[in-house]
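# Examination of the molecular architecture
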Amino acid sequence: MTTLPARIVHRTIRRNWRAVYDFASRPENMPLWASGLAAGLTRDGDDWIADGGPVGNVRVRFAPPNEFGVIDHTVTLPDGLRVGNALRVVPNGDGAEVMFTLLRQADMDDAAFAADAAHVARDLDALARLMENEESPR
């Protein structure tokens with residue numbers, strides 16, 4: 001059995017976990033905080049299409065809305081490679097903990113893995129800023 005090295009990147013957000021989940025789980029809101037999707041998402045049946053930059057358009061499929069705070073999504077690259085992304089929002093006292101499990105892909109070196117983790121951290125920071133702002137979306 002082969003496993004990939006993993007790193008969990010997380011942020012505590014001072015906002016009710018349900019409000020965080022309700023906002024963060026909507027694909028149309030993701031360009032507001034997920035920089036990899038900053039160009040926006042276009043619905044295509046059960047999937048969403050995103051501009052993947054130099055690699056071309058990517059197909060994203062999200063977990064259906066649920067009561068457990070799961071925002072998992074699978075990204076399918078133009079070459080057919082599928083990358084699973086585990087994203088969770090869980091209660092943490094009166095607030096929320098948002099956790100992204102980053103898996104190091106087989107062709108990724110230490111520097112690229114660290115850069116991916118830093119990218120995820122910046123996105124979660126942006127989500128926290130949005131959600132903790134008094135005038136943030138409800």
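Further remarks concern the overall build of the protein. Along its length, the protein carries 2 helices and 7 strands. The N-to-C order of helical and strand elements in the protein reads β-α-β-β-β-β-β-β-α. A globule of 138 residues ought to have a C-alpha radius of gyration of about 14 Å, and the protein, at 15 Å, matches this closely. When its C-alpha atoms are laid out on the principal axes, the protein stretches across 40 × 30 × 25 Å. Of all 138 residues assigned to the protein, the portion counted as buried reaches 37%.

This next bit is on the environment of R43. With respect to the element layout, R43 can be found in strand β2 (residues 41-44). Separated by 16 residues in the primary sequence, R43 and R59 place their C-alpha atoms 9.7 Å from one another. A distance of 3.1 Å separates a polar atom in the side chain of R43 from the backbone oxygen of G45.

Turning our eyes to something else, we now look at the pairing of strand β3 (residues 47-51). With 4 bridges joining them, β2 and β3 adopt antiparallel strand pairing. The residue bridging L41 from the neighbouring strand is A50, located in β3. Here β2 hands over to β3 after 2 residues, with G45 in that stretch at a positive phi of 65°. Alignment of β3 against strand β4 (residues 57-62), held across 4 bridges, turns out to be antiparallel. Paired with I49 across the two strands is R59, which belongs to β4.

Calculation criteria
Residues numbered from 1 in each chain as written. Predicted model: local features only at pLDDT ≥ 70, side-chain atom pairs only at ≥ 80, totals over all residues. Heavy atoms only, no water. Helix = DSSP H or I, 4+ residues; strand = E, 2+ residues; numbered from the N terminus. Rg over C-alpha atoms; globule rule 2.2 N^0.38 Å. Buried < 20%, exposed > 50% of the residue type's maximum accessible area, 1.4 Å probe, protein only. Polar contact = N/O pair within 3.5 Å; in protein donor to acceptor, adjacent residues only side chain to side chain. Pairing = 2+ DSSP bridges.

Interpretation in functional terms is not warranted from these geometric data alone.
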